[in-house]
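Tertiary structure, described
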Amino acid sequence: CMGMRWLRLRLGTLTYEDWLLFCFTAGIFCGTAAALTFGGPTVQGCILGAAGSFGSGNRGVKEYVTVFRQRALETCGGWLAGVTVCSQMLFGFLTFYAGMSLAVVLSVLTIRKGLLGIAAFLCTVLPHGLVYLLVWYVLSGWSGQIQKKLHILPGLLLLIITGAGAFLEVFVSPFLWGLFP
């Protein structure tokens, strides 16, 4: 893509992995800045308020289907971005979004819980985050390939793995969240 070529000319020998690391780091800085700039009620309401809607009551199939549908759409979006001509740039933007989202959640938890926010972040995001990281890693590898392939059956396997991540997100992470009052 034109933007990626311009960036490579400006930054010298920028590899695809460097590009993803740059996007993730920029996302972390922007997410932290957004959380600190907009602060209290705005960011907490938008980020943890929406996530906290599942926090009360019993979790069931309805909540699982809602989370799985969202994560499956994200996985399909990453897969679709990986087969386009601008796949590396698009996946960089998705990586930026992931870094920004993680930074906002970590910042808000740290604002709410102090140093325990870091532990709360790790306990509540790590179980399903590791599964989603695996999916992201595979999708980013496909996106970085010069010759694009559709990867239909492996893509379906990634959706099944995404379903396992959604299960952890809906049923395990809230239990771990309860450890941090």
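**A word on the overall build of the chain**
Within the chain one finds 6 helices and 0 strands. Sequence-ordered secondary structure for the chain, helices as α and strands as β, is α-α-α-α-α-α. The proportion of buried residues among the 181 residues of the chain is 33%. Surface accessibility of the chain: about 10,700 Å² in total, with carbon and sulfur atoms responsible for 75%.

**Quick look at helix α3 (residues 61-82)**
In a regular helix each residue adds 1.5 Å, so 22 residues correspond to 32 Å; α3 covers 31 Å between its end C-alpha atoms and thus fits that length. Turning to α3, its buried residues are E63, V67, R71, A72, T75, G78, A81 and G82. Where α3 is buried, its residues meet α4 (87-113), α5 (116-143) and α6 (152-177).

**Here we look at the environment of W79**
Summarising the element assignment, W79 is placed in helix α3. For W79 and L150, which are 71 residues apart along the polypeptide, the C-alpha to C-alpha distance reads 8.5 Å. There is a polar contact of 2.6 Å between the side chain of W79 and the backbone oxygen of L150.

**Some points on the packing of α4 against α5**
Two elements in contact, α4 and α5, have axes whose closest approach is 10 Å; the angle formed by their N-to-C orientations is 175 degrees. Here α5 runs roughly antiparallel to α4, going by the angle between their axes. Here α4 contributes S87, Q88, F91, T95, L102, V105, L106, L109, T110 and K113 to the contact with α5, which in turn contributes L116, G117, I118, A120, F121, T124, V125, W136, L139, S140 and S143. Broken down by class, the residue content of the contact of α4 with α5 amounts to 12 nonpolar, 8 polar and 1 charged.

**What to know about the pattern of salt bridges**
Using the criterion set out here, one finds 2 salt bridges in the structure. In this structure, E74 and R71 form a salt bridge, with 3.3 Å as the shortest nitrogen-oxygen distance. Of this pair, E74 and R71 both sit in helix α3, 3 residues apart, which is roughly one turn of the helix. Overall, E74 belongs to the partly exposed group, its relative accessible area being 37%. Note that R71 is salt-bridged to E169, the shortest N-O span being 2.7 Å. Taken together, the positions of R71 in helix α3 and E169 in helix α6 put the pair 98 residues apart, joining distant regions of the chain.

Thresholds, definitions, all that
Residues numbered from 1 in each chain as written. Predicted model: local features only at pLDDT ≥ 70, side-chain atom pairs only at ≥ 80, totals over all residues. Heavy atoms only, no water. Helix = DSSP H or I, 4+ residues; strand = E, 2+ residues; numbered from the N terminus. Buried < 20%, exposed > 50% of the residue type's maximum accessible area, 1.4 Å probe, protein only. Areas by Shrake-Rupley, 256 points an atom, 1.4 Å probe, with all protein chains shown as cover. Expected span 1.5 Å × (residues − 1). Contact = heavy atoms within 4.5 Å. Polar contact = N/O pair within 3.5 Å; in protein donor to acceptor, adjacent residues only side chain to side chain. Axes fitted to C-alpha atoms, helices over the stretch in contact; angles between N-to-C directions. Parallel < 35°, antiparallel > 145°, perpendicular 65-115°, else oblique. Nonpolar A, V, L, I, M, F, W, Y, C, P; charged D, E, K, R; others polar. Salt bridge = Lys/Arg side-chain N within 4 Å of Asp/Glu carboxyl O.

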